[in-house]
Amino acid sequence: MDKAGEFEELRALLFSIAYRILGSVSEAEDAVQETWLRFDGSATVPTSVKAFLSTTVTRISIDVLRSARMRREEYVGPWFPEPLLSDPYQDPARSAELADSVSMAALLLLERLSPLERSVFVLREVFGFGYDDIASAVGRSEAACRQLLVRARRHMEAGRPRFEADREEREELARRFFDALREGDVDGLRDLLAADVQMVGDGGGKAPQLARAITGAENVARLLASAFPLLARIDVTFEPREVNARPGAVFRDRDGKVLHTLALDVLDGRIQTIRTVINPDKLAHLGPVADAWTVSDEMKRARRGSG
């Protein structure tokens, strides 16, 4: 097989590694492309193409993450990862690790780690790499990598909920949630929400949003029940989809352009967190992006009309 063929066989894996380290689809795609350029331009034939490419994409991602940290600290409002509708890399032996590690909640926990801790955790806990390959990828000894992993695990475990819903429970709860959302059913929504549920939006200062942060079942249920019938009135639709391996939806304007995504975190039989991403910069990989300001103005006119 030629170089291009070998690279294409591993492209999905490389993207999945980079996305988990970076939390950005666009940056992960750029890291994969840069990996190809370095591989194609190398005169050396690696003993293991997989090890070489994994090392290269990890090192590139670490460098990108270090520079991205400062931008994220200056970010306007809450920062969420770019939504991912489907992970291109599949491994039946590690399906649980892959799904859990790509959730919004897990990616936000990974933000607490240093770039090296994050990379070691991703390579070891998610993809099952050996310590020798991890040491080569991050430029540290195997002993140092083991210590990095211990610290990373400690941070991750401290932030994880004690009990998580299984897939069937999540999907059933999401179905009932979206049915109630379509109907503007306050009571139906309230029954599905945890008492301390949070609804948080990522607009990055570049788009209006329903709310930056709202807490409490009553408040969230009333906001949703009032907002989404108005959206339907101006021909905004939504399609239930998995978003970062969790129940969610993609909302579109009347022209089919992406308005925002929504993702649900389910715990103990209730929806704990609702995260929306409406920053247009984070939606471009999903297709043409709607003008959220125009949609917001239409909503206001529809509200005045109904009043």
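Just so it is clear, the model here is predicted, and its values are computed rather than measured.

(A) Main features of helix α6 (residues 115-126). Spanning 12 residues, α6 covers 16 Å between terminal C-alpha atoms, matching the ideal 16 Å at 1.5 Å per step. Of all the 12 residues making up α6, 10 are buried; the element is thus mostly covered by neighbouring parts of the structure. Along α6, the residues classified as buried are P115, L116, E117, R118, S119, V120, F121, V122, L123 and V126. Structurally, α6 contributes buried residues whose contacts are with α1 (3-22), α3 (49-73), α4 (95-101), α5 (104-110), α7 (131-138) and α8 (142-159). A positive backbone phi angle near 70° is found at G128, which sits one or two residues after α6.

(B) Quick peek at the sheet that holds strand β6 (residues 270-277). Reading across from one edge, β2-β1-β6-β5-β4-β3 is the order of the 6 strands in this open sheet, with mixed pairing throughout. This sheet does not close on itself; its edge strands, each paired only once, are β2 (213-215) and β3 (237-243). Strand-to-strand twist of the sheet, defined as the mean angle between neighbouring strand axes without regard to direction, takes the value 15°.

(C) Summary view of the side chain of E298. Mapped onto the elements of the fold, E298 is located in helix α12 (residues 292-306). Judged by relative accessible area, which is 16%, E298 ranks as buried. Once you skip the residues sitting within four places of it in the chain, E298 turns out to touch I234 and R254.

(D) Spatial organisation of the packing of α1 against α3. For the pair α1 and α3, the least separation of the axes is 9 Å and the interaxial angle reads 30°. Relative to α3, the element α1 lies roughly parallel. α1 and α3 meet at a crossing whose hand is right-handed. Here E6, F7, L10, L13, L14, I17, A18, I21 and L22 of α1 come into contact with α3, specifically with V49, K50, L53, S54, V57, T58, S61, V64, L65 and R72. The residue inventory of the contact of α1 with α3, partitioned by class, reads 13 nonpolar, 3 polar and 3 charged.

(E) Fine view of the pattern of salt bridges. Scanning the entire structure with this criterion turns up 25 salt bridges. E34 is the partner of R38 in a salt bridge, and the nearest nitrogen-oxygen pair spans 3.1 Å. Here R38 pairs with E34, and both are found in helix α2 (residues 25-41), just 4 residues apart, close to one helical turn. The class of R38 is partly exposed, set by a relative accessible area of 43%. Among the ionic pairs, R175 bridges to E172, the shortest N-O distance being 2.7 Å. Note that R175 and E172 are positioned in helix α9 (residues 167-183) at a spacing of 3 residues, about one turn of the helix. Residue R175 is classed as partly exposed on the basis of its relative accessible area of 43%.

(F) Molecular detail of the environment of K3. On the secondary structure map, K3 appears in helix α1. Here the alpha-carbon distance between K3 and R252, two residues 249 residues apart in the chain, equals 40 Å. Not counting the four nearest positions on each side in its chain, K3 is found in contact with W36, F39, D40 and S42.

(G) Inspection of the pairing of β6 at higher detail. Where burial is concerned, most of β6 is hidden: 7 out of the 8 residues are buried. Across 6 bridges, strand β1 (residues 193-202) lies against β6 in parallel orientation. Within the sheet, the bridge partner assigned to Q198 lies in β6 and is T273. Where strand β5 (residues 258-267) meets β6, 7 bridges bridge the pair, whose relative direction is antiparallel. When the bridges of β6 are listed, A263 appears paired with R275. As consecutive antiparallel partners, β5 and β6 are separated by 2 residues, and within that stretch D268 has a phi angle of approximately 55°, a positive value.

(H) Region of the structure containing the packing of α1 against α6. As a packed pair, α1 and α6 sit with axes 9 Å apart at the nearest point and diverge in direction by 135°. When the axes of α1 and α6 are compared, the pair comes out oblique. For the pair α1 and α6, the sense of crossing is right-handed. Side by side, α1 and α6 meet where I17, R20, I21 and L22 of the first sit next to R118, S119, V122, L123 and V126 of the second.

Rules used throughout
- Residue indices follow the written sequence of each chain, beginning from 1 at its first position.
- pLDDT decides what is reported in this predicted model: residues at 70 or higher carry local features, side-chain atom pairs at 80 or more are listed and counted, and totals for whole chains, interfaces and linings draw on all residues regardless.
- The side-chain numbers reported here are obtained from all heavy atoms of the structure, hydrogens and water having been left aside.
- Secondary structure follows DSSP: runs of H or I at least 4 residues long count as helices, runs of E at least 2 residues long count as strands, and numbering of each begins at the N terminus.
- The span one expects for a helix is its residue count, reduced by one, times 1.5 Å.
- Buried, partly exposed and exposed residues are distinguished by accessible area as a fraction of the type maximum, computed with a 1.4 Å probe on protein chains only: under 20%, between the cut-offs, and over 50%, respectively.
- Contacts are assigned to residue pairs with any non-hydrogen atoms lying within 4.5 Å of each other.
- By this definition, two strands are paired if DSSP reports at least two bridges between them.
- To obtain an axis, a line is fitted to C-alpha atoms, over the contacting stretch when the element is a helix, and the angle between two such axes runs from 0 to 180 degrees between their N-to-C directions.
- The scheme is simple: roughly parallel for angles under 35 degrees, roughly antiparallel for over 145, roughly perpendicular for 65 to 115, oblique for anything else.
- The handedness criterion is simple: a crossing whose near helix is rotated anticlockwise from the far helix by less than a right angle is left-handed, and one whose near helix is rotated clockwise is right-handed.
- Charged residues are taken to be Asp, Glu, Lys and Arg, nonpolar residues to be Ala, Val, Leu, Ile, Met, Phe, Trp, Tyr, Cys and Pro, and polar residues to be all remaining types, Gly included.
- By convention in these notes, a salt bridge is any Lys or Arg side-chain nitrogen within 4 Å of a carboxyl oxygen on Asp or Glu.

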